[in-house]
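# Fold and geometry: a report
What follows is the residue order along each chain.
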Amino acid sequence: MQVDAVDSSADGIAKLQKRAQPEGLKINASVDDITCMRINGRYDLIVCHGVLHLFPRDVWLRLLHSFKAATAPDGFNIIAVFTDALPAAPDLAPFTHGPFREGELAALYRDWQLERADSYRFEDQHPGGIRHQHALNKIVARNSKPENRG
């Protein structure tokens with residue numbers, strides 16, 4: 001099994017590698033800017049959790065298209081994004097450039113088989129004791145097309 005991981009944080013990648021090592025997991029992990037990277041190859045699973053809403057709409061639309069195009073037939077995308085059902089938390093608002101509209105993520109995968117589509121709110125606490133709620137949409141979608149066109 002080949003696992004590739006990308007994060008913009010060198011600390012995040014170091015933490016991943018440290019956790020994977022005792023388990024004997026081999027992960028090709030790299031520090032990269034997801035907005036500039038090209039996905040090479042075909043994947044059985046692509047996971048992007050809590051990231052896309054940080055980018056402007058045109059950027060995350062392009063990224064979703066590239067995820068779909070890089071997913072093998074019968075492969076899966078697991079995506080979780082914040083939506084506009086609640087305002088961005090004050091400490092995250094300067095970084096949240098493209099919240100999804102409620103239900104929009106599932107609609108963008110209507111050409112795939114939606115195995116699961118969830119919409120919910122949860123309470124969170126950020127460093128410094130900042131408590132707030134997030135509105136989240138999450139999908140598990142299977143590329144049910146016989147030939148992947150993204």
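Per chain, residue numbering runs from 1 following the sequence as it is written. For a predicted model such as this one, the threshold for reporting local features is a pLDDT of at least 70, and the threshold for listing and counting side-chain atom pairs is 80 or more; totals across whole chains, interfaces and linings nevertheless cover every residue. By convention in this description, side-chain values take in all heavy atoms of the structure and omit both hydrogens and water.

### So, the overall build of the chain
Keep this limit in mind: Working definition: helices are DSSP H or I runs of at least four residues, strands are E runs of at least two. Numbering for both runs from the N terminus. Radius of gyration: C-alpha atoms only; globule rule: 2.2 Å multiplied by the number of residues to the exponent 0.38. Remark: exposure states derive from per-residue accessible area (1.4 Å probe, protein chains only) relative to the maximum for the residue type, with buried under 20%, exposed over 50%, and partly exposed in between. Only heavy atoms enter the contact rule, under which two residues are in contact if any of them lie within 4.5 Å. In this tally, Lys and Arg are treated as positive and Asp and Glu as negative; His is ignored, and so are the chain termini. In this description, the location of a charge corresponds to atom NZ of lysine, CZ of arginine, CG of aspartate or CD of glutamate.
For the chain, the helix and strand inventory stands at three helices and six strands. Starting at the N terminus and walking to the C terminus, you meet the elements of the chain as β-α-β-β-α-β-α-β-β. By the compact-globule yardstick of 15 Å for 150 residues, the chain fits well, its C-alpha radius of gyration being 16 Å. Projected onto its principal axes, the C-alpha positions of the chain cover 45 × 40 × 25 Å. Buried positions account for 32% of the 150 residues belonging to the chain. For the chain, the share of sequence-separated contacts (at least 6 apart) that also reach a separation of at least 24 residues comes to 68%. Across the chain, the 18 positively charged side chains and the 19 negatively charged ones have centroids separated by 3 Å.

### So, the sheet that holds strand β6 (residues 130–142)
To keep things clear, this is the line we draw: By this definition, two strands are paired if DSSP reports at least two bridges between them. Axis lines are fitted to C-alpha atoms, over the contacting stretch for helices. Their N-to-C directions set the angle, which ranges from 0 to 180 degrees.
The four strands lie next to each other as β3-β4-β6-β5, forming an open sheet whose pairing is mixed. Because the sheet does not close on itself, it has two edges, and the strands there are β3 (43–49) and β5 (113–126). Sheet twist, expressed as the mean angle between neighbouring strand axes with direction ignored, is 10°. Where β3 lies against strand β4 (residues 71–82), six bridges are found, and the strand directions are parallel. Within β4, the position partnered with I46 by the bridge is N77. Helix-sheet contacts for helix α2 (residues 57–69) involve β3 and β4, and the interaxial angle to β4 is about 150°.

### A closer look at the pairing of β4
Going by this rule: Handedness of a crossover: with both strands directed away from the viewer, a clockwise path from the first strand across the helix to the second marks it as right-handed.
What joins β3 to β4 is α2, and the crossover it makes is right-handed. Here β4 pairs with β6 via seven bridges, running antiparallel. Note that in β6 the partner of N77 across the bridge is A141.

### Some points on the environment of A14
Locating A14 in the fold gives a position in helix α1 (residues 10–20). With 90 residues separating them in the primary sequence, A14 and E104 have C-alpha atoms 34 Å apart.

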